[in-house]
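Coordinate inspection notes
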There are 2 protein chains.
Amino acid sequence: MSTVDRVERVVIDDLLRGALAPGTRIRQDVLADQLGVSKIPVREALQRLSALGLLHFETNRGAAVPTLSVAEAIENSVLRKSIEVEILRQAIPNMSIVDLAEAELALGNAELGVTESNWAFHRALYQASGWTRGLAMVEILHAAMAPYVLLYIESLGGAEPSESEHRELLAACREGDVERAVRLLTSHLAEASSAVIDFLSMNEARGDDV
Amino acid sequence: MSTVDRVERVVIDDLLRGALAPGTRIRQDVLADQLGVSKIPVREALQRLSALGLLHFETNRGAAVPTLSVAEAIENSVLRKSIEVEILRQAIPNMSIVDLAEAELALGNAELGVTESNWAFHRALYQASGWTRGLAMVEILHAAMAPYVLLYIESLGGAEPSESEHRELLAACREGDVERAVRLLTSHLAEASSAVIDFLSMNEARGDDV
DNA sequence: GAGATAATAATCGTATACGATCGCAGTCAT
DNA sequence: ATGACTGCGATCGTATACGATTATTATCTC
């Protein structure tokens, strides 16, 4: 694993954890010092993330966590739905006991934050697909939404609402019932994202930069 | 537009043109000299492309155009289909005369190579969606397949087979008939990609690195 | 005291520099 | 002649260095 890979992972994990609020600027030499490297590999990692849309570069102002418009949030949700459905279709016939156990584990895991645990669950279900690129795309979409999901959950007081939906979805996967699983995933994603989008719309209407 | 942006565009365009065959290694200082810059922005651009899966970095061996397995080609096709359908749905109600004219123009344009013209046509249809991320994803998938599409067409003797399908699709968009357009796009993509995938399968069976 | 302007400090972007690694050519021993 | 070894050239990865740009503080004027 190269230096650039390590830096990239650190920043992605920070995003998935919600440690980087929208708008946060990333100081290249600070990050470089923290990791004990020079700016060069740091910049290369940031450029990777900007290619994925997880960061935004502005000339002479460096990289920052982009703020999402409502339209972009909707776009992300639609993309997520259509990609995740295809991956799940591909994954279910290939799922092993291990994959299912990993998904189960992610559900109860109190070590992880809400968005981390959520993504760990979904990734566990998808990994049997073997679709490297598709998985990467979905991870990106999760990471891009994470800061806002966190804000939304905070505004709710910290409840994780989709526990039971996750359990149902897991059961359908266990039984190998592709069509039911796809139906459950579709409605689960629709509910989760419409909640966040409504939350975003309210704030956008109020003129908040969130 | 930053230096990194320029370098990135040059390489993506080379890929879409098919100027970079699978397996080609990219020499950083050669490219840097050609563009009159140092290695730093070149490497940053290559890292962006590697994040998108258009290039593959190997430690101490730099970046190279990845060779696609049949499984990956199938994955790309499925992803393309599901993403492009959603974008087209979003785009049709927002299409302007200009978008349609651009698409028409791309069809007949003999200046462009086959894959370039094909992508120009599809992009023209999609741009009205306003979906930045979705468009970027689809462009990536096109660029990843382009080297192989080129090889396939070469093996056929250079014929562009999907002219009439394109015209039908364009007509449906003009009439604003979303469902017909989606049907046409779906079958068009299915045909085009299954041809390339069959071609790839043959070569993989023969043990060619293509 | 408030606002505008100048000086200073932070930060960015990229060129240069250099050690590390890889691949190949030439040499030697068998 | 063939196979292993050594040395050199090419290429990579990253640290350092520096000019350019942006932010911040200090100073001056009204």
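Let me begin by describing the structure that accompanies this report.

Bringing empty space enclosed by the protein into the picture now. A full pass over the atoms with the stated rule returns one cavity of 30 Å³ or more. The volume enclosed by the largest cavity comes to roughly 60 Å³. In terms of lining, the largest cavity is formed by R133(A), L15(B), G53(B), L54(B), V65(B), P66(B), L68(B), A143(B), A144(B), P147(B) and Y148(B). Of all the elements, helix α7 (residues 132-156) of chain B adds the most residues to the lining of the largest cavity, at four residues. In terms of residue class, the lining of the largest cavity is made up of nine nonpolar, one polar and one charged. Looking at the lining of the largest cavity, you find at least three residues from each of domain 1 (3-64) and domain 2 (70-205) of chain B.

Scanning all chains against the criterion turns up 26 salt bridges over all chains. For the salt bridge of R9(B) with E139(B), the shortest nitrogen-to-oxygen distance reads 3.3 Å. With R9(B) in helix α1 (residues 3-17) and E139(B) in helix α7, this residue pair connects regions lying 130 residues apart in the sequence. Residues participating in the shared-partner salt-bridge network are E104(A), E163(A), R167(A) and R174(A).

Our focus in this paragraph is helix α1 (residues 3-17) of chain A. Given a rise of 1.5 Å per residue, 15 residues ought to cover 21 Å, and the 21 Å separating the end C-alpha atoms of α1(A) matches this to within 8%. In the core, the buried residues of α1(A) are packed alongside β1 (25-26), α2 (28-35), α3 (39-51), α6 (114-126) and α7 (132-156) of chain A together with α3 (39-51) of chain B.

This next bit is on the protein's contact with DNA strand C. Neighbouring DNA strand C are 20 residues, the closest being R27(A), R43(A), T3(B), S38(B) and R61(B). Counted by atom, the contact set of DNA strand C within 4 Å of the protein is 73% sugar and phosphate. Residue D29(A) places a side-chain N or O atom 3.4 Å away from a phosphate oxygen belonging to DNA strand C. One nitrogen or oxygen atom from the main chain of N60(A) is found 3.5 Å from a phosphate oxygen belonging to DNA strand C. Counting only elements with at least two residues in the surface near DNA strand C, the list comes to α2, α3 and β2 (56-58) of chain A together with α1 and α3 of chain B. Residues that form the surface near DNA strand C fall into these classes: seven nonpolar, six polar and seven charged.

It is worth spelling out the protein's contact with DNA strand D at this point. Not every one of the 20 residues close to DNA strand D is listed here, only the nearest: T3(A), S38(A), R61(A), R27(B) and R43(B). Atoms of DNA strand D within 4 Å of the protein belong to the sugar or the phosphate in 72% of instances, the rest to bases. Interatomic distance of 2.5 Å between a side-chain N/O atom of T3(A) and a phosphate oxygen of DNA strand D. For the surface near DNA strand D, the secondary structure elements donating two or more residues are α1 and α3 of chain A together with α2 (28-35), α3 and β2 (56-58) of chain B. For the surface near DNA strand D, the leading source of residues is α3(B), giving three residues. Classifying every residue of the surface near DNA strand D by side-chain character gives seven nonpolar, six polar and seven charged.

What counts, and at which threshold
Residues numbered from 1 in each chain as written. Chains lettered and ligands numbered in written order. Predicted model: local features only at pLDDT ≥ 70, side-chain atom pairs only at ≥ 80, totals over all residues. Heavy atoms only, no water. 1 Å grid on protein atoms, 1.4 Å probe; cavity = no way out; pocket = protein on both sides within 12 Å on 5 of 7 lines; lining within 4 Å. Points joined across faces, edges and corners; volume = space filled by probe spheres on them. Helix = DSSP H or I, 4+ residues; strand = E, 2+ residues; numbered from the N terminus. Nonpolar A, V, L, I, M, F, W, Y, C, P; charged D, E, K, R; others polar. Domains from an automatic or database assignment. Salt bridge = Lys/Arg side-chain N within 4 Å of Asp/Glu carboxyl O. Expected span 1.5 Å × (residues − 1). Contact = heavy atoms within 4.5 Å. Near = heavy atom within 4 Å. Polar contact = N/O pair within 3.5 Å; in protein donor to acceptor, adjacent residues only side chain to side chain.

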